Structures are given as C-alpha cells and as structure tokens.
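Chain by chain, the residues run as shown.
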Amino acid sequence: MEKIIITGNGPLSGEVRVAGAKNAALPIIAAGLLSAEPLTISNVPAVRDISTALELMTMLGAKVERSGTDLTITSANISSLHVPYEMVKTMRGSILMLGPLLARFGEADVSLPGGCAIGTRPVNEHITGLEAMGAEIDIEGGYIKAKAKRLRGAHYTFDVPSVTATENLLMAATLAQGTTILENCALEPEIGDLALLLTQMGARISGAGTSTIRIEGVDALGAATHQVPPDRIETGTFLVAAAVTRGDITVTGTNPDFLQHVLGKLEQAGARLETGPDWIKLNMANRQPRAVNITTAPYPAFPTDMQAQFMALNALAQGSATVVENIFENRFMHVAELQRMGADIELQGHTAIVRGLERLQGAPVMATDLRASACLIIAALAANGQTTIDRVYHLDRGYANIDTKLAALGAVISRI
Ligand code: EPU
C-alpha cells in the first residue's frame, strides 16, 4: 500500500493549476447514459473516482475513449442495467447512474451504497423522489430494483437539500413525460453545471442553481460537448496549505466565485488575497494564521469538504476556534490523527474545539477518507520532522497528482 512521506519545511510558494472538479465530472459521466449520441468532455480530472466511474460505464456497455483530460462517452449500445455492489462500495457516486438508467431504459438495478467513513449517508431522497415520478422500487438483497415504463413529471420537495439526489432527479426528469418541479434543491455549483450540459443535450430546464428547478421532459437527448469546471475543493485545499505554511501561492485554472465563503475565512485567518477571473493569489507574508470558527452547511455556506483542511489550519493557528460539522455525523476521523501529531483538539458531539499551536510534530498517521487525507498532508507540511501518511489511496480518489503539485511549490514530499 502506498504511503506519502512529508518533511515539514518552509512556506509553499509558486503557482499551481487545479484540475477539473471530481464532483462535477461524476454526474456529467452519468448523464452520458441519457443519450445514444456521444458526449465529449474536456478537463476531466485524472483521479481514481473518475476511473472507477468510467470502468462502470464500460461494464454497462458504454463506449469510453479517454485521452489525457479529454473524454468521449457513447451510450448507444448499453447492454446491462446492473450497477454492482463492488463498484458502489468503492465509489458512492455510482448511485448517480440510477436516475439516467431508469429514465432511458425503464429499469435499473443499483446497489445500495451502505455506510461510509464519514457517516451513514442514506439515499432515501433518491428513492422517494423517483417513486414520486412513478417508479416502482423494491429493495432486494441490498439492491435498489427500480422499474418504470416511462417516468412521469412530478412535484417533489427534498426533505434535505442533497447534492447527488438533486442531480439524480434532475437527470431522470429530463426524459420523463411532462413537467417535474423539484423544490428545496441543493445549490452547489456542480448542479448548475450539470443543467448546462443537459440543456445542451436538448433538455428543457429552468431554475438550476436555485432551490426550485423546473424540467419539461423530452423524448430523447442528443450529443453535447462540455468542459468540466475547476475543482473548488482542490483550490481551497492548496490555499489552506499555503496559509498554514505561511506561504505565497497563486492557484490558476480556477473560479473564485465558487469559493466565496472559504476565501472569506482565509482573509479572517490573516491571508492577503487577490483574485482574477480564473486565479487566486494568497500571501501570508510569513505570518502564522489566526484561528477561525467554521460551521459547515449546504452551499453557499462553508462546505463540509473543506472542514478537515481548516481543522489543520486551526490546529496550527494563533488562538482558539470551534469547528462545527452539520452535514455528516462522523466527519471528524482526522481529529485523532492530528492529535497524534500533538494537536490540541477536544471533541464535543459535532463540535471540535481547537486550540492552536505554533508547530505540530511529525508522526506516522493514517488517512481515513478523502478530505481527511488532505488535512493530514497540510498538517505534515507545517510539522517539525517527518510524517508518514498511510492509506493514501483515499487521497488519489479525488486529488490529481497532489504530491507532484506540492513538490513544485517547494514541499519535501515523496511516495513509497
Ligand atoms: N441525505 C439524506 N438522504 C438522502 C441523501 C442525503 O438524509 O437521500 C443527507 C446526508 O446524510 C447529508 C446531507 O443529506 O447529511 C447532504 O448529503 P448529500 O446527499 O448532499 O451528499 P452527497 O450527494 O452524497 C456530495 C459530494 C460529497 C460532499 C456532499 C456535501 C459528490 C459525488 N459527493 O455527496 O463529496 O461532501 O455532496 O457537499 O458530489 C467529497 O468529495 O469528499 C465528498 C464526500
């Protein structure tokens, strides 16, 4: 199993380009199932979750051609409607195949994901939403067995604004008979981006990116060409890494508009920020960051996917802060690992009380999920001595070449 070894050293500096967003690319790939015509996608990140999704598309019978960050998917000859447990357990985003398969082929057999390292993560909203659209759904042997001759338009209100459930129902509704109105939708930018793609394919959608989305179903969708938007979480991760190491970096190929809350917190922490249309420059002028209170909530508030990285920042900041996790009930696994590095963090339910320190100490630690891995990398960059991070396959699920990118910014990092 691969490990990453980091020796804490001076500030990160230089320029780094972020990849396309994993969480935008996953629903885009699933949308490929909605049409028999090709989908041409650029800026596809080279991360493991994307390889898993493409492997799954191939298993279903789609033709997948990938060259670097360019991808073409043609779902003209789909031969299976079965999404097996082996795929869903390695990548929960596989649930995004449910809506498109059911809408286009009238049937789908998709494994339930089960629990995950950050919480129970139920998929009830995906199921009840599709049932509202006329699907007959049975849970048998751990699988969601869904049938519908043709889905029909419905008025559905989400109990919680779920990102992938909104995406699943949005995709399904494009091929339903009649009009669907989805209320209390998630507002994450990946949903507006998916709607752009679907519209180009011929879908009739209004209101995407707001809490009410209206979709008029059509009989078939066509070809489209689309560019995956920049990864806002990768962007934020590099910015926090620079802040914690008291560095000075410019992140390019990004979009500052999607990161307003995170940028506000970095300014509160003492970072000087400048932004352009597709870049963000952060300068700490060699100062230790100040601790900042964080409360995660659905977009446009502070993203849960940046909570772990700010936990590392607070652990190495001046002063104390609280970090409140409101989205996932178990997303504090990185705390025990930070404590092994000497961090002063007390957990009280879904709140962490962090008392910042000047330095942490390098130690052997273990990554428990994707963003927890990023947190440990950040902490290691600013620790005294060497940190060995085990189970870095979590990191490779969502960050493309993060070790080479950090090395180019001056980090002492290697992989064994
Ligand atoms: N929820 C339900 N029922 C459902 C669906 C969700 O109760 O049917 C609850 C969840 O338990 C959670 C809340 O709703 O408390 C929000 O979860 P959501 O469904 O929005 O999460 P997701 O769609 O499974 C996506 C990202 C996650 C990211 C969350 C929150 C993808 C593929 N995944 O997950 O990304 O943390 O939204 O923003 O888009 C990551 O990249 O590290 C990651 C975990």
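Further up the page is the structure itself.
Predicted, not measured: the structure shown is a model, and the values here were computed from it.

Trainee: Could you clarify how one ought to interpret the overall build of the protein in this entry?
Mentor: Helices and strands together make up the secondary structure of the protein, namely 14 helices and 26 strands. Each principal axis of the C-alpha atoms in the protein carries an extent, and together these give about 60 × 40 × 40 Å. Evaluated residue by residue, the protein yields a buried proportion of 57% over its 416 residues. Considering only contacts in the protein between residues 6 or more positions apart, those separated by 24 or more positions represent 73%. Accessible surface computed for the protein: about 15,400 Å², of which carbon and sulfur atoms make up 49%. Computing the positive centroid from 33 side-chain charges and the negative centroid from 41, the protein places the two 3 Å apart.

Trainee: Would you take a moment to explain the site of the ligand for this structure?
Mentor: E125, S162, T164, D305 and I327 are the nearest of the 20 residues found near the ligand. With respect to the ligand, the side chain of N124 contributes an N or O atom lying 2.7 Å from a nitrogen atom. Within the contact set of the ligand, an oxygen atom lies 2.6 Å away from a side-chain nitrogen or oxygen of D305. Alone, the ligand offers 830 Å² of accessible surface; in the complex the protein occludes 85% of this. For the shell around the ligand, the secondary structure elements donating two or more residues are α1 (22–31), α5 (124–132), α6 (163–174) and α12 (370–381). In the shell around the ligand, the residues fall into eight nonpolar, six polar and six charged.

Trainee: Can you help me understand the sheet that holds strand β7 (residues 107–111) in this one?
Mentor: Working definition: the strands of a sheet are paired by backbone hydrogen bonds and lie parallel or antiparallel to each other. The four strands lie next to each other as β6-β7-β9-β8, forming an open sheet whose pairing is mixed. If you trace the sheet from one side to the other, it starts and ends with β6 (82–83) and β8 (136–140), each paired once. Pairing of β7 with strand β9 (residues 143–147), which is carried by five bridges, proceeds in the antiparallel orientation. Following the sheet pairing, S111 is matched in β9 by Y143. Across the sheet, helix α4 (residues 98–105) touches β6, β7 and β9, and the angle it forms with β7 is around 160°.

Trainee: Please explain the sheet that holds strand β12 (residues 204–206) as it appears in this structure.
Mentor: Reading across the sheet, the four strands line up as β10-β11-β13-β12 and stay open at both edges, with mixed pairing between neighbours. Of all strands in the sheet, those with a lone pairing partner are β10 (155–157) and β12, marking the two edges. Taking each pair of neighbouring strands and ignoring which way they run, the sheet shows an average axis angle of 15°. Two elements, β12 and strand β13 (residues 213–216), share three bridges in a ladder whose sense is antiparallel.

Trainee: So what exactly am I meant to see when it comes to a negative patch on the surface here?
Mentor: Together, E131, E136, D138 and E140 make up a region of like negative charge exposed at the surface. For the negative patch, the element with the most residues is β8, which contributes three residues. By the element assignment, E140 lies in strand β8.

Trainee: Mind showing me how you'd approach the packing of aromatic side chains here?
Mentor: A ring pair, where both rings are aromatic, is described by two values, the distance of the centres and the angle of the planes. Taken as a whole, this structure holds two aromatic pairs when the rule is applied. Considering the side-chain rings of Y156 and F158, the 5.2 Å spacing of their centres and the 90° angle between planes classify their relative orientation as edge-to-face. Neither Y156 nor F158 differs from the other in exposure class; each is buried. Here F302 and F310 contribute two aromatic rings whose centre-to-centre distance is 5.1 Å and whose plane-to-plane angle is 90°, an arrangement assigned as edge-to-face. Residue F302 is classed as buried on the basis of its relative accessible area of 1%. Classification of F310 as buried rests on a relative accessible area of 0%.

Trainee: Just checking my understanding: could you explain the nonpolar core for this structure?
Mentor: L34, L130, L151, L170 and L198 are the most contacted members of the largest nonpolar core, which has 77 residues in total. By residue number, the principal contributor to this core is α1, which donates seven residues. If sequence neighbours within four positions are ignored, L130 has contacts with L98, L102, A135, I137, L151, L169 and A172.

Trainee: What's the story with the side chain of T296 in this structure? I'm lost.
Mentor: You can see T296 is positioned in the loop between β18 (294–295) and α10 (307–315). By relative accessible area, T296 is classed as buried at 0%. Only 3.3 Å separates the side chain of T296 from the side chain of E325, close enough to count as a polar contact. Setting aside residues up to four positions removed in sequence, T296 forms contacts with F302, P303, T304, Q307, V324, E325, N326 and I327.

Trainee: Looking at this structure, how should I read the pattern of salt bridges?
Mentor: For the structure on display, the rule yields 15 salt bridges. D49 is the partner of R397 in a salt bridge, and the nearest nitrogen-oxygen pair spans 2.8 Å. On the criterion of sequence distance, the pair formed by R397 in the loop between α13 (393–396) and α14 (402–408) and D49 in helix α2 (residues 48–60) is long-range, its members being 348 residues apart. Linking K281 and D248 is a salt bridge whose minimum nitrogen-to-oxygen distance equals 2.9 Å. Of the two residues, K281 sits in strand β17 (residues 279–283) while D248 sits in strand β15 (residues 248–252), which places them 33 residues apart along the sequence. When its relative accessible area of 28% is taken as the criterion, D248 is described as partly exposed.

Conventions adopted
- Residues numbered from 1 in each chain as written.
- Predicted model: local features only at pLDDT ≥ 70, side-chain atom pairs only at ≥ 80, totals over all residues.
- Heavy atoms only, no water.
- Helix = DSSP H or I, 4+ residues; strand = E, 2+ residues; numbered from the N terminus.
- Buried < 20%, exposed > 50% of the residue type's maximum accessible area, 1.4 Å probe, protein only.
- Contact = heavy atoms within 4.5 Å.
- Areas by Shrake-Rupley, 256 points an atom, 1.4 Å probe, with all protein chains shown as cover.
- Lys, Arg positive; Asp, Glu negative; His and termini not counted.
- Charge placed at Lys NZ, Arg CZ, Asp CG, Glu CD.
- Near = heavy atom within 4 Å.
- Polar contact = N/O pair within 3.5 Å; in protein donor to acceptor, adjacent residues only side chain to side chain.
- Nonpolar A, V, L, I, M, F, W, Y, C, P; charged D, E, K, R; others polar.
- Pairing = 2+ DSSP bridges.
- Axes fitted to C-alpha atoms, helices over the stretch in contact; angles between N-to-C directions.
- Patch = residues over 30% accessible without salt bridge, like charges linked within 9 Å, V, L, I, M, F, W, Y side chains within 5 Å.
- Salt bridge = Lys/Arg side-chain N within 4 Å of Asp/Glu carboxyl O.
- Phe/Tyr/Trp six-rings, centres within 6.5 Å; stacked < 30°, edge-to-face > 60°.
- Core = buried A, V, L, I, M, F, W, Y, C linked by side-chain atoms within 4.5 Å.

Treat this as a map of the structure, not an account of what it does.
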